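Structural features, examined
Listed here are the chains, written in short residue letters.
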Amino acid sequence: MNVSMLFPPSICLPNQVYYSLPLFAAVLARAGHTAYTADLNLIAADMLLDRDMADTMHEVAIARLVTPKEVSNPALAAATRSQLESSFASARRGEDFKKTLRDPHSFYDQRQFHDAFWGIVDVLGAYYQLDPVISPFRATFAADMRANQEADAWTPMLELYDRGLLDESLAGSPDVIGVSIAFPEQAVEAIRLLRKLREHAPDVKLVVGGPLISGFVDRWFEDDLLLDYCDYVVLGDGETAFVELLEAIEGKRAFGDVRNLAWRDAEGIVHRPTAPYFLEALDDLPVPDFDAVDMARYFLPEPIYPVMLSRGCYWGKCTFCSIGWRENYRMASEEKIREDIAAISERFGARFLQLQDSSVPPKAARYLSTAIRDLQLDMHWVSNMKFEKVLMDREYCEHLGGAGGCRSLHLGFESADQRLLDLMAKGYNFADLPEMLENMQHGGISAEMLWFIGFPSQTRQDILDTAMFLQEHSDRFGLSSFVGDYFLHPDTEVFERPEDFGVTVRGIDNDHCQYDVSSGVTQEEATALKGMLSGNNNRTLVCNGSHLPHLAVTGHLRELARPMHVTDAVRTFCTSEDGSES
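Residues numbered from 1 in each chain as written. Predicted model: local features only at pLDDT ≥ 70, side-chain atom pairs only at ≥ 80, totals over all residues. Heavy atoms only, no water.

Points about the packing of helix α2 (residues 40-48) against helix α7 (residues 110-128)
- Between α2 and α7, the shortest axis-to-axis distance is 11 Å and the interhelical angle comes to 100°. Between α2 and α7, the crossing angle belongs to the class labelled roughly perpendicular. Here α2 contributes N41, A45 and L48 to the contact with α7, which in turn contributes L124, Y127 and Y128.
- In the contact of α2 with α7, the residues fall into five nonpolar, one polar and no charged. (Axes fitted to C-alpha atoms, helices over the stretch in contact; angles between N-to-C directions. Helix = DSSP H or I, 4+ residues; strand = E, 2+ residues; numbered from the N terminus. Parallel < 35°, antiparallel > 145°, perpendicular 65-115°, else oblique. Contact = heavy atoms within 4.5 Å. Nonpolar A, V, L, I, M, F, W, Y, C, P; charged D, E, K, R; others polar.)

As structure tokens, then:
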């Protein structure tokens, strides 16, 4: 069968393919099917970063968002027009930005990279803020999603479907289309995509899966919401299930025998699998087929290849983290890691890898570096990792770095206050941090420090101490990645045990909760501080891995990032009794 795998627009800068696309392409090919993939997040961004498209979008946006308000609400119309004029002035430079990032000379000129990278971030942010986010955290998710789809209000994404995005989605002449939904920002566009596909290709079977579906099954199935827009839903791991589903569609097995499958039968009865769902053995999965992806279209001169050594989270204790993301931990064997890395290097010429693990297990990281060393591969990799005692071992850091290929580790620093780290269950001692940073630096590994503010009971002084630590020790790490203010999500231990954290939940607003705290900064204070600290936000740069080639080629990030700086406004806010700026 001809099978297309689609990743919907996810309202983020595309720098590498979503891992499920090449992985499922390999799974399908092994089962004898023809696979086509389309990263619609990349394609949409590529279309939006175009001068002619910017001019068109500007005209349409003014006509739809400004003109109707000029009589009824002239002040709002004027403010909206001003904001749009500023945004589209930058959008018209989109082609130049893309050219800079795709060209090997200008990409490695860090000043040019800085302007182009952050220019794209700002342009896409302006476009995507016009697209609503409806998260399954909402109690009214099903009703809100239906209302949104029935209204089908104009957004830049709606415009793209008629300008080629839908054609790209159907380019593989598919018999079956699989859509993977990972993030809340994708929910609205994923459903709109399914509607468009059904309207234009009613005979094509539509299959949906992904972490956002599996993590919120009851929300998606309320009032049969999801099955009104697709034919089948795969819950949990989908590689084996998808192949079995294709066999059922071909009449080779009963639908009831397909693992992890939800569907509606001819009588209208909805069938759902019971948890726990079938889990894949990572050693049984094929090497992802990156030839099935247009890797050259990403905003880099040379692709970054996603790799996954484990699923779930080996630590699985952080109280602020999603419980769903850390369940069902598994790790590939040393032999599997070695075989996959060798194959990715030989078949695709991959030099840059970004691990997709929630937090790479230290043992898996060692296996990866050992394989790269033993096989003498020209490979460089980056990954999320937890601050662990093993980083106190200088020999371990030396093994990962250098010929072992590790150039950057993204580490959850979070706070300079040990009490708060313990409350978060981070599992490391702040006193050990200088030695760990020194060891990574000695091993040639850039430590990227992720942190946020506003965790329950955190004081303004705690926040200032954390920010000052980063500013005063900036020579010991690579990037300060300020994630923002704390969001209390329902799928966390803080939500399940609020009394242990001095939290009183007032309600749920879209994808996070409204709550009061018995001590520490309030949500409102954290939001105010977030605005003051936003200039330190390198999160997009860190998370999408574009810093990795720079570390491998130039060895530094000096002009790449937004530098860490604690302003007088932050100092005043954190030291005043009422949190005011004056």
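What about helix α5 (residues 94-102)?
- What α5 keeps buried is the set G94, F97, K98, T100 and L101. All buried residues of α5 project into a common sector of 160° when viewed along the axis, lining one side.
- If you follow the buried residues of α5, they end up packed against α2, α4 (74-91), α6 (104-107) and α7. (Buried < 20%, exposed > 50% of the residue type's maximum accessible area, 1.4 Å probe, protein only. Arc of directions from axis to C-beta.)

What about the sheet that holds strand β3 (residues 176-180)?
- Taken together, seven strands build an open sheet; the order of strands is β2-β1-β3-β4-β5-β6-β7 and the sheet is mixed. Where the open sheet ends on each side, the last strands, each with one partner, are β2 (34-39) and β7 (270-271).
- Relative to strand β4 (residues 205-209), β3 runs parallel, the two sharing five bridges. Across the sheet, residue V176 finds its bridge partner in β4, namely K205.
- Across the face of the sheet, α2 comes into contact with β1 (2-7) and β2 while running at roughly 45° to β2. (Pairing = 2+ DSSP bridges.)

Brief notes about the pattern of salt bridges
- Summed over all chains, the structure comprises 42 salt bridges.
- With its nearest N and O atoms 2.7 Å apart, the salt bridge here joins R92 to D55. One end of the pair, R92, is in the loop between α4 and α5; the other, D55, is in helix α3 (residues 51-66), and 37 residues separate them in sequence.
- Take R92: its relative accessible area is 21%, and that puts it in the partly exposed class. (Salt bridge = Lys/Arg side-chain N within 4 Å of Asp/Glu carboxyl O.)

Looking at the pairing of strand β14 (residues 446-453)
- Of all eight residues in β14, eight are buried; the element is thus mostly enclosed.
- Alternating residues of β14 divide into S446, E448, L450 and F452 and A447, M449, W451 and I453, and every residue in both groups is buried.
- As judged from the six bridges shared by strand β13 (residues 406-414) and β14, these two strands associate in the parallel manner. Note on β14: the bridge partner recorded for L409 is A447.
- Bridge analysis of β14 against strand β15 (residues 480-485) gives five bridges, and the strand direction is parallel. Bridge assignment links M449 to a residue of β15, and that residue is S480.
- At this point the chain moves from β14, through helix α20 (residues 460-472), to the parallel β15, and the crossover so formed is right-handed. (Right-handed = clockwise from strand over helix to strand, strands pointing away.)

What to know about a negative patch on the surface
- A cluster of acidic residues, D283, D284, E335 and E339, forms a negative patch on the protein surface.
- Assessed through its relative accessible area of 52%, E339 is described here as exposed. (Patch = residues over 30% accessible without salt bridge, like charges linked within 9 Å, V, L, I, M, F, W, Y side chains within 5 Å. Areas by Shrake-Rupley, 256 points an atom, 1.4 Å probe, with all protein chains shown as cover. Lys, Arg positive; Asp, Glu negative; His and termini not counted. Charge placed at Lys NZ, Arg CZ, Asp CG, Glu CD.)

Notes on the environment of W325
- Among the structural elements, W325 can be located in helix α14 (residues 323-326).
- For W325, a relative accessible area of 43% translates into the label partly exposed.
- Beyond its immediate stretch of four places on either side in the chain, W325 contacts A182, P211, G312, C313 and S358.

Quick word on the pairing of β1
- Judged by how many residues are buried, β1 sits mostly within the fold: five of six residues are covered.
- Across six bridges, β1 lies against β2 in parallel orientation. Bridge pairing links F7 to D39 in β2.
- Bridging between β1 and β3 involves four bridges; their strand directions are parallel.

Focus: the sheet that holds β14
- The six strands lie next to each other as β8-β11-β12-β13-β14-β15, forming an open sheet whose pairing is parallel. Among the strands making up the open sheet, the edge pair consists of β8 (304-307) and β15. On average, each strand axis in the sheet is inclined to that of its neighbour by 20°, with strand direction left out of account.
- The strands touched by α20 within the sheet are β13, β14 and β15, with β14 carrying the most contacts at an inclination of about 160°.

So, the packing of α5 against α7
- α7 packs onto α5 with a crossing angle of 135° between their chain directions and a minimal axis gap of 9 Å. In terms of orientation, α5 and α7 fall into the oblique class. Between α5 and α7 lies a crossing whose hand is left-handed. Only Q112, F113, D115, A116, F117, G119, I120 and V123 of α7 make contact with α5, whose side of the interface consists of F97, K98, T100 and L101.
- Among the residues making up the contact of α5 with α7, the classes are represented as seven nonpolar, three polar and two charged. (Left-handed = near helix turned anticlockwise from the far one by under 90°.)

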